[in-house]
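Take a look at the letters that make up each chain.
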There are 6 protein chains.
Amino acid sequence: MTRIWVINPNTTRAMTSTIEVCARAVAAAGVDVTGVTSEFGPPSIESHYDEAMSVPGLLAAIQRGEAEGVDGYVIACFGDPGLDAARELATGPVIGIAEAAMQTASHLGRGFSIVTTLGRTIGRAEELAERYGMSRFCRGYHACEIPVLDLETDPMATKLVTEACREAVERDRSDAVVLGCAGMADMCKRISEEIGVPVVDGVTAATLTVQSLVTMGLRTGKRGEFATPPAKEYVHKA
Amino acid sequence: MTRIWVINPNTTRAMTSTIEVCARAVAAAGVDVTGVTSEFGPPSIESHYDEAMSVPGLLAAIQRGEAEGVDGYVIACFGDPGLDAARELATGPVIGIAEAAMQTASHLGRGFSIVTTLGRTIGRAEELAERYGMSRFCRGYHACEIPVLDLETDPMATKLVTEACREAVERDRSDAVVLGCAGMADMCKRISEEIGVPVVDGVTAATLTVQSLVTMGLRTGKRGEFATPPAKEYVHKA
Amino acid sequence: MTRIWVINPNTTRAMTSTIEVCARAVAAAGVDVTGVTSEFGPPSIESHYDEAMSVPGLLAAIQRGEAEGVDGYVIACFGDPGLDAARELATGPVIGIAEAAMQTASHLGRGFSIVTTLGRTIGRAEELAERYGMSRFCRGYHACEIPVLDLETDPMATKLVTEACREAVERDRSDAVVLGCAGMADMCKRISEEIGVPVVDGVTAATLTVQSLVTMGLRTGKRGEFATPPAKEYVHKA
Amino acid sequence: MTRIWVINPNTTRAMTSTIEVCARAVAAAGVDVTGVTSEFGPPSIESHYDEAMSVPGLLAAIQRGEAEGVDGYVIACFGDPGLDAARELATGPVIGIAEAAMQTASHLGRGFSIVTTLGRTIGRAEELAERYGMSRFCRGYHACEIPVLDLETDPMATKLVTEACREAVERDRSDAVVLGCAGMADMCKRISEEIGVPVVDGVTAATLTVQSLVTMGLRTGKRGEFATPPAKEYVHKA
Amino acid sequence: MTRIWVINPNTTRAMTSTIEVCARAVAAAGVDVTGVTSEFGPPSIESHYDEAMSVPGLLAAIQRGEAEGVDGYVIACFGDPGLDAARELATGPVIGIAEAAMQTASHLGRGFSIVTTLGRTIGRAEELAERYGMSRFCRGYHACEIPVLDLETDPMATKLVTEACREAVERDRSDAVVLGCAGMADMCKRISEEIGVPVVDGVTAATLTVQSLVTMGLRTGKRGEFATPPAKEYVHKA
Amino acid sequence: MTRIWVINPNTTRAMTSTIEVCARAVAAAGVDVTGVTSEFGPPSIESHYDEAMSVPGLLAAIQRGEAEGVDGYVIACFGDPGLDAARELATGPVIGIAEAAMQTASHLGRGFSIVTTLGRTIGRAEELAERYGMSRFCRGYHACEIPVLDLETDPMATKLVTEACREAVERDRSDAVVLGCAGMADMCKRISEEIGVPVVDGVTAATLTVQSLVTMGLRTGKRGEFATPPAKEYVHKA
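Residues numbered from 1 in each chain as written. Chains lettered and ligands numbered in written order. Predicted model: local features only at pLDDT ≥ 70, side-chain atom pairs only at ≥ 80, totals over all residues. Heavy atoms only, no water.

Caption draft 1: Just the interface of chain B and chain C, in detail. Facing the 42 residues of chain B at the interface are 42 residues of chain C. When chain B packs against chain C, close to 3,400 Å² is buried across both sides, 58% of that on carbon and sulfur atoms. Area buried by chain B at its contact with chain C is led by Y49(B), R120(B) and Y234(B), which between them contribute 21% of it. The interface formed by chain B and chain C contains 26 residue pairs in polar contact (both at pLDDT 80 or more). Elements supplying a minimum of two residues to the side of chain B that touches chain C: helix 2 (48-68), helix 3 (83-89) and helix 5 (122-131) of chain B. Ranked by residue count, the leading element in the side of chain B that touches chain C is helix 2 of chain B, at nine residues. Grouping the amino acids of the side of chain B that touches chain C by side-chain chemistry returns 18 nonpolar, 10 polar and 14 charged. (Contact = heavy atoms within 4.5 Å. Buried area = accessible area lost by both parts, 1.4 Å probe. Polar contact = N/O pair within 3.5 Å; in protein donor to acceptor, adjacent residues only side chain to side chain. Helix = DSSP H or I, 4+ residues; strand = E, 2+ residues; numbered from the N terminus. Nonpolar A, V, L, I, M, F, W, Y, C, P; charged D, E, K, R; others polar.)

Here it is as structure tokens:
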């Protein structure tokens, strides 16, 4: 039995549930997917500050997973917070949803558009696109200006995201759309049907990427930069 | 039942068998993987000329697959021949093994090395790395100078490829290795154990990428560049 | 006497005639330029599939040329199909019209615009611009949405292409225009006069590039990637 | 009176002292520079994990500084941890020492070499060089394999770093050296005299960059990505 | 006493005065800043020709400065004319105002806009942005189409430049503005207050960069490309 | 009759003679090529200072050429000094020898090596390679450390340059060599025969590029950046 943890690095359990449902829906037989909520940190990630402050909670979750022998991890926030540190801690593979979503979308044509929540998160998406070599595929970054937690509660949310996707594809002349927030995972299919263009959700894409890596027996190379961090006496917050 | 064809774009059936075994070994329950040999063209692909001449046979295989309702395709040659044309023809996703191998290796650390057969194929690997946004991850291109078909018959082949991988990792200080030929698929695990570094084979990586795309219901965007080609009266070779 | 073949990789002889007239018009004294039509393949190249399927016919033409001792070749389609394979086969230089047109236009200012036929060919133009190092000069890719073969028959064609060029220059603030189809070769001068901006046709640019290379005694380096392909027994189409 | 805080994001006070001495030595009249030690987190930063875990302590220091009306901040670790989040929190400018050191070295010639502590930190330096647009100036990344805290205690440290710098300059044919650790700040002058090449320390470079920005009245743009983060109820660690 | 010369490479003394006032206003105690007017060449720099013809006068000023033991130099024209040659001649650091302005603006957010005088100078700004690694930060190049010398005499000039800055920031969604002409130095503060976005003037930025380099004892590396030029007998203009 | 001036921007007439002989040898019937020596400036160009000081003499030569109705110009120094300014002044095309040599070599394989005179000129070659989009083709920059004027007088010069070329090709695994100095023009054929690899001389390449542009009726776009410079009263050197 392969065990994959999909870690929501914010503390909002409702969001973890949505994510877990989406991730489980695509997992192969014999793969057990669990949604895990970060135990401390921000309730949603909408700034560099939120993101930075979410990382210790995320890494604590990775450490719990290691203690339980988890086979691989998804970081379920489109900023891919703490990815490098998580790769140092984990024995198995760790994949961010931005990483997986962009690479998946790169298979679907010449270029894709990203549609995210708040405009202030676009800078981070650009940075990640470059890091993963995906800038050349990303034709435009768009925001629907819906706060993360409103995605679940605002009855207009799906409609607004759908319209943002439609406009993005027109303006960018792109072949596909990437949804730029884990909280949009459950809108993916509906938007795609609505606008007639492939739409990629990072939660499912990353879950399947981890599953594939585990199947192939592949994990982070541990001989250099990503070796287990040297053990140290940390000073704890008073 | 999901059906995936792994198309060997050269005409050597023995090589298709090896490829098929490797691809089947990783497929999920409910996914049927078939190795398909190109019906005409070169017996191995070791030059731009071989590669160009392999494309019509590959595309004919895609057309047969479409007639049979195949769900997705792998192009099992590290030059990813005919990828764009295949995406125009196919309804489902098409993935090249260089594309899948490089993206997979990008998840395993800061950088990887590529080890291919003949030195003259390195230029093509460089070109593909750039196309897929993977140049930034690829720290070195290396050749073991074994012709493709000798990989199966030369008793020293695995040992030579292993040594080339070991040297590549040392010289490039890389975190992983990508094997640059479909004919190396069955060496992958052994080399990794031997050198203690993750080694990626494109055949399995691409098969799992196609499987994941089909699971997510994703296929090539068809509204622009990759729409079905306009029907035309071709002149056939006399 | 220097002999240059300008190969039209589609099978439409009328188009070869136009191309030949344009190429001959610029050749120096003592240089014999012949338009050669591919003997099999698509009647026009408007998709990746068309392009891929045009390559064997093009390469067969190169092989005929080699048998006749031709000094250099132009590939007269803006997708530069089969360029690398042709360079392996040919003793003398081989130049694509996209390659020559873009490099020529790079001498005329800070940046140029490309105006091509169908929008679906723009992806290939982008790819080639990058391959030749010309992305930094190309400020915009534009399509006039006229199918290739209509360029000769549609009485409005020149006017429509001219307007597309005029708009492209305005929008991109560019110094020159590159015509993105061999079938536009004979419109070049007229458009330039009309819009008051230098307009580059790849057929003449490539013919003169080949002529210059032959004059300097330069040909493809043959010690590595572009050495003559290893001889092999191919399987022919049933 | 302008007040600048140079924040050491690890918890080792001795290192802060060294840093403070170096920073004060270059400050202009009327500029008060204070070294500030992070109150919790790792004793030294030698992995992605250490770096991620140092960020909350660093950001808490920024928040204390804001309460006290500090004019600008230096992040005194060559990984520039938490830079984006710090810019959201701070009213005045925030500069990382890698950022300042690389940009300073870019003024001194065509290219520089970076000499850091442990080889495993090189990946982060590469990433930052790209982020700041400095990859084109950085000709080589080198490690002397001395742990951060040994820089102060190992009597051979200066000699070893000096030799690493000398070799780096020879191998890379570079015009200058960047020291890749705040703990090397006090070696800077001596190494430069020893090897006859300009050597840049990021602590002094960043202090002067902050001082210059404050003098010019420049601070982070606050209308978009770097606006103050939205206030939220965080869950605290149990 | 540190002595810095801010060299105006055109021959218009009124412009030098404005520049000198701005530069002196930011210099630290103990730093003597002198505005120096080029003794021959163009009255303003608005073309590649003007720029090329300004270089000998600029270099003559550097040579006078060297004879007087000047510690560092600013080249006060946004084309940074003669920068490499000046670095060969000078013992101390030499900084161009485009170089300093762009690097300074890179500290203020994700991206900035450049607003220059005539549209025909934009090409040079693009070239410099690339040279300094700043292309990734520059989101747009804009011209207000006011000739350089009219900046001081046209009563509408500040208003027009302000409006150009406001529009640039809106269109580019940028965090800061860079003023693309030394003649705009004295407008900087007012524009920033007007539009509520940080605005960077290269004259002050470069003066402070030189001051910082001198404080740190840093100067151009002299072992390779920027060594003193070999002495030669030049032919002088008849 | 087409008239092309090949301008040697240094004042050494013997070098102009060599250049003229090489350029004339490749010109087509009906094309008159004249070598022109700069009337003032440095006797050879081996530093940024030499290069900057050569530009006014070069531009004066262009102005004389314009008065005589010359059709196009070659700038015969591998630093391509004054290229942009010359393009503003000239009605017809202007080509630098580095520009032409690199683009010509890009047609001959995947990559080339550059062999220049003094190591201190390599920085400029790198800069030009980037400007022309040729960095991706240039696999290595090498110096033979022979001063420019010794190329004609040192009896060992050809041998030393040949060996530098041979080593460059081996080390870089490149397909061709570019000679990085106009003074090497007459060595080109001999080196190529000696080392069995295509060798490109910029003087002949640029002459043929200009000839081709004139044949096609192409000249610098004059509607924007490269329009004739605004007329101004210059201050002349006392």
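After that view, the rundown keeps rolling.
Caption draft 2: Region of interest: the pairing of strand 3 (residues 72-75) of chain A. Residues and elements named next belong to chain A. Burial along strand 3 is two-sided: the face carrying G72 and V74 and the face carrying Y73 and I75 are both buried. As paired elements, strand 1 (residues 2-8) and strand 3 share four bridges and run parallel to each other. From the neighbouring strand, V6 faces strand 3, where its bridge partner is V74. The pairing of strand 3 with strand 4 (residues 94-96) spans three bridges and is classified as parallel. If you follow Y73 over to strand 4, its bridge partner there is V94. (Buried < 20%, exposed > 50% of the residue type's maximum accessible area, 1.4 Å probe, protein only. Pairing = 2+ DSSP bridges.)

Caption draft 3: Molecular detail of the pattern of salt bridges. One pass over the structure, following the stated rule, counts 108 salt bridges over all chains. For R166(F), the salt bridge identified is with E163(F), shortest N-O distance 3.2 Å. Within this pair, R166(F) and its partner E163(F) are both found in helix 7 (residues 157-172), separated by three residues, close to a single helical turn. With a relative accessible area of 31%, R166(F) lands in the partly exposed category. Accessibility expressed as a relative area gives 28% for E163(F), which makes it partly exposed. What emerges from the salt-bridge pattern is a single network uniting E51(A), R124(A), E127(A), D84(D), R131(D), E225(D) and R110(E). (Salt bridge = Lys/Arg side-chain N within 4 Å of Asp/Glu carboxyl O.)

Caption draft 4: Here's a closer look at the arrangement of the chains. Between chain B and chain E there is no contact, and the shortest C-alpha to C-alpha separation is 16 Å. At their nearest point, the C-alpha atoms of chain A and chain F are still 16 Å apart, with no contact between the two.

Caption draft 5: Structural context of the interface of chain B and chain A. In this assembly, 46 residues from chain B lie in contact with 46 residues from chain A. Summed over both partners, the interface of chain B with chain A comes to about 3,600 Å²; 55% of that surface belongs to carbon and sulfur atoms. In this structure, E225(B) engages R110(A) in a salt bridge whose closest nitrogen and oxygen atoms are separated by 2.5 Å. Across the contact surface, chain B and chain A share 16 residue pairs in polar contact (both at pLDDT 80 or more). Broken down by secondary-structure element, the contributors of at least two residues to the side of chain B that touches chain A are helix 3, helix 4 (97-106), helix 5, helix 7 (157-172), helix 8 (188-195), strand 8 (199-201) and helix 9 (202-216) of chain B. The element that contributes the greatest number of residues to the side of chain B that touches chain A is helix 9 of chain B, accounting for nine residues. In terms of residue class, the side of chain B that touches chain A is made up of 19 nonpolar, 14 polar and 13 charged.

Caption draft 6: Focus on the packing of helix 9 (residues 202-215) of chain A against helix 9 of chain B. It is the contact of helix 9 of chain A with helix 9 of chain B, at a shortest axis distance of 10 Å, that shows an interaxial angle of 150°. Relative to helix 9 of chain B, the element helix 9 of chain A is oriented roughly antiparallel. Handedness of the helix 9 of chain A/helix 9 of chain B crossing: right-handed. Every residue of helix 9 of chain B that contacts helix 9 of chain A at T204(A), A205(A), L208(A), Q211(A), S212(A) and T215(A) is listed here: L208(B), Q211(B), S212(B), T215(B) and M216(B). Residues that form the contact of helix 9 of chain A with helix 9 of chain B fall into these classes: four nonpolar, seven polar and no charged. (Axes fitted to C-alpha atoms, helices over the stretch in contact; angles between N-to-C directions. Parallel < 35°, antiparallel > 145°, perpendicular 65-115°, else oblique. Left-handed = near helix turned anticlockwise from the far one by under 90°.)

Caption draft 7: Examining the layout of surface pockets more closely. Roughly 820 Å³ of internal volume is contained in the second largest pocket. Lining the second largest pocket are 27 residues, with G119(B), I122(B), Y141(B), R139(F) and R173(F) sitting closest to its centre. The set of elements that each furnish at least two residues to the lining of the second largest pocket consists of helix 5, strand 6 (138-143) and helix 7 of chain B together with helix 7 of chain F. Counted by class, the lining of the second largest pocket contains six nonpolar, six polar and 15 charged residues. (1 Å grid on protein atoms, 1.4 Å probe; cavity = no way out; pocket = protein on both sides within 12 Å on 5 of 7 lines; lining within 4 Å. Points joined across faces, edges and corners; volume = space filled by probe spheres on them.)

Caption draft 8: Region of interest: the environment of D186(F). All names here are of chain F. Structurally, D186 is set in the loop between strand 7 (176-179) and helix 8 (188-195). In sequence terms D186 and S44 are 142 residues apart; their C-alpha atoms lie 17 Å from each other. Setting aside anything within four residues of it in sequence, one finds D186 in contact with T18 and C22.

Caption draft 9: A look at the relation of the copies chain B and chain C. Placing chain B over chain C gives an RMSD of 0.0 Å and needs a rotation angle of 180°, together with 0.0 Å of translation along the axis. Put plainly, the chains are arranged around a two-fold axis. Rotation axis and chain B: the residue whose C-alpha lies nearest the axis is A52(B), separated from it by 3.8 Å. Most of the interface of chain B is mirrored in chain C: 100% of its interface residues are interface residues there too. (Least-squares fit on C-alpha atoms with pLDDT ≥ 70 in both.)

Caption draft 10: Inspection of unusual backbone geometry at higher detail. All names here are of chain C. Its identity as a non-glycine residue notwithstanding, R173 has a phi of 50°, on the positive side. Here R173 is to be found in the loop between helix 7 (157-172) and strand 7 (176-179). Here R173 falls in the exposed class, since its relative accessible area comes to 57%.

Caption draft 11: Region of interest: the sheet that holds strand 1 (residues 2-8) of chain F. Residues and elements named next belong to chain F. Read from one edge to the other, the open sheet built from four strands follows the order 2-1-3-4, with strand pairing classed as parallel. Both edges of this open sheet fall to strand 2 (31-37) and strand 4 (94-96), since each of them pairs with a single strand only. For this sheet the average axis-to-axis angle between neighbouring strands, irrespective of direction, equals 20°. Together, strand 1, strand 2 and strand 3 (72-75) form the strand contacts of helix 2 (residues 48-67), whose direction differs from that of strand 1 by roughly 165°.

Caption draft 12: Highlighting the sheet that holds strand 1 (residues 2-8) of chain C. Residues and elements named next belong to chain C. Here four strands make up an open sheet; going across it, the order is 2-1-3-4 and the pairing parallel. Across the chains shown, the open sheet's two edge strands, defined by having one partner strand only, are strand 2 (31-37) and strand 4 (94-96). Adjacent strand axes in the sheet meet at a mean angle of 20° when their direction is disregarded. Sheet analysis places strand 1 next to strand 2, joined by seven bridges and oriented parallel. By the bridge assignment for strand 2, I7 is matched with V36. Packing against the sheet, helix 2 (residues 48-67) makes contact with strand 1, strand 2 and strand 3 (72-75), and its axis sits at approximately 165° to strand 1. Against the sheet, helix 4 (residues 97-106) engages strand 3 and strand 4, with an angle of about 70° to strand 4.

Caption draft 13: Up close: the relation of the copies chain B and chain A. Its rotation angle being 180°, the transformation that places chain B on chain A also includes 0.0 Å of axial translation and leaves an RMSD of 0.0 Å. Both copies present the same face, since 100% of the interface residues in chain B are matched by interface residues at the equivalent positions in chain A.

Caption draft 14: Summary view of helix 1 (residues 13-26) of chain D. Relative to the 20 Å expected for 14 residues at 1.5 Å per residue, helix 1 of chain D spans 21 Å between its end C-alpha atoms, a close match to the ideal helical length. Listed as buried for helix 1 of chain D are M15(D), T16(D), T18(D), I19(D), C22(D), A23(D) and V26(D). The buried residues of helix 1 of chain D occupy an angular sector of 160° when projected down its axis, which confines them to one face. Facing away from the buried side of helix 1 of chain D, by more than 90 degrees, are the exposed residues R13(D), V21(D) and A25(D). Where helix 1 of chain D is buried, its residues meet strand 1 (2-8), strand 2 (31-37), helix 6 (150-153) and helix 9 (202-216) of chain D together with helix 9 (202-216) of chain E. (Expected span 1.5 Å × (residues − 1). Arc of directions from axis to C-beta.)

Caption draft 15: Up close: the environment of M15(F). Residue and element names in this part refer to chain F. The residue M15 is located in helix 1 (residues 13-26) in this model. A sequence separation of 195 residues divides M15 from V210, and the C-alpha atoms of the two residues are 20 Å apart. Excluding its chain neighbours within four sequence positions, the residues that come into contact with M15 are N8, N10, V148, L149, E152, A182 and G183.

Caption draft 16: The arrangement of the packing of helix 1 (residues 13-26) of chain E against helix 9 of chain E in detail. All names here are of chain E. Relative orientation of the contacting elements helix 1 and helix 9 amounts to 45°, with a least axis distance of 9 Å. Relative to helix 9, helix 1 is oriented oblique. Crossing angle aside, the handedness with which helix 1 passes helix 9 is right-handed. Note on element contacts: helix 9 touches helix 1 through V203, T204, T207, L208 and Q211, opposite I19, C22, A23 and V26. A per-class count over the contact of helix 1 with helix 9 returns six nonpolar, three polar and no charged.

Just distances and angles here, no functional claims.
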